[in-house]
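What the coordinates show
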Amino acid sequence: MKTSSTRDIPVTSDTPRHVAIIMDGNGRWASKRLLPRTAGHAKGVQAVRRAVETCGRLGVDYLTLFAFSSENWRRPADEVSLLMRLFVQALEREVTKLQEQGVRLRVIGDLSAFEPRLQDLIFQAQASTAQNDKLNLTVAANYGGRWDILQATRNMLAGNPGLAQDLAAIDEEMLASHLAMAWAPEPDLFIRTGGEQRISNFLVWQLAYTELYFTDCYWPDFGEAELKAAFEWYRTRERRFGRTSAQVHTSPGH
Ligand code: IPE
Ligand code: IPE
Ligand code: MG
């Protein structure tokens, strides 16, 4: 069971152990260059590669990337299908690289909405990288924070139908153990590129005490320097988890 930031004080360090990123601004990056939005998505894949490599090198244990939200189906059909094609391509081309880098890939979200070929590629990539433990890369695809809480609630009750008669037994840990990313600690650092300051239905449960960093940089332009700037900012944060500053100073390392 992972530490819950609302039940215990998590141990923290200068480098965030878990980084969660909303990769936003691909479309605007392209429009600024008079290119189709899709060109921005293609360029965004390169930024994903950079982020994975850099996080691995800087000692991050968990990197979680928001690739496609449960609301992104509302986009024009041709943009949605291009995004699906890019996802297929990335899975076909990048798995060898992930192996070399010791990266374990997991995909979270309602995968049942994807075409069978994409689902197969996801399961294969997850299986073939399952032994890697240098960096845990999670891609959120057809993911929504509300979907996650709902599916966790349904699974919790399905696994224990008697719970409805024992409501006091339901606690945070019990529900959290059914969340799509139950294996990971809560994110320490959230980054959103592209200038918007909102969560857009990302990890709504898990971000309760995460430090939130927003940058105007568009995702295709996000590289090592921008990531390091975010980490520098993170180092300056005092993570109090509800306590006073004086209390934080008397329990070093936490
Ligand atoms: C993020 O970039 C990628 C996805 C949501 C798939 P956007 O496509 O949202 O880019 P902007 O926000 O329109 O610039
Ligand atoms: C959030 O970006 C989702 C992803 C980056 C995958 P959006 O561009 O979809 O978010 P909104 O619509 O601006 O809130
Ligand atoms: Mg956007």
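Anything mentioned here points back to the structure above.
Residues numbered from 1 in each chain as written. Chains lettered and ligands numbered in written order. Predicted model: local features only at pLDDT ≥ 70, side-chain atom pairs only at ≥ 80, totals over all residues. Heavy atoms only, no water.

1. Points about the site of ligand 2
Around ligand 2 lies a shell formed by Ile22, Met23, Asp24, Phe66, Ala67, Phe68, Ser69, Asn72, Arg75, Arg192, Arg198 and Ser200. The separation between an oxygen atom of ligand 2 and a polar side-chain atom of Asn72 is 2.9 Å. Between Ser200 and ligand 2, the recorded distance is 2.6 Å, taken from a side-chain N or O atom to an oxygen atom. Considered on its own, ligand 2 offers 390 Å² of accessible surface; in the complex 79% of this is hidden by protein. Looking at the shell around ligand 2, the element that brings in the most residues is strand β2 (residues 62-69), giving four residues. Here the residues of the shell around ligand 2 sort into five nonpolar, three polar and four charged. (Near = heavy atom within 4 Å. Polar contact = N/O pair within 3.5 Å; in protein donor to acceptor, adjacent residues only side chain to side chain. Areas by Shrake-Rupley, 256 points an atom, 1.4 Å probe, with all protein chains shown as cover. Helix = DSSP H or I, 4+ residues; strand = E, 2+ residues; numbered from the N terminus. Nonpolar A, V, L, I, M, F, W, Y, C, P; charged D, E, K, R; others polar.)

2. A word on the site of ligand 1
Not every one of the 13 residues close to ligand 1 is listed here, only the nearest: Asp24, Gly27, Arg28, Arg37 and Arg75. Here an oxygen atom of ligand 1 and a backbone polar atom of Asn26 are 3.2 Å apart. Summarising the interface, the protein chains cover 87% of the accessible area of ligand 1, which totals 380 Å² for the free molecule. For the shell around ligand 1, the secondary structure elements donating two or more residues are α1 (26-32), α2 (37-58) and α3 (77-100). Examining the composition of the shell around ligand 1, we find that three residues originate from one element, α1, more than from any other. Split by residue class, the shell around ligand 1 holds three nonpolar, five polar and five charged.

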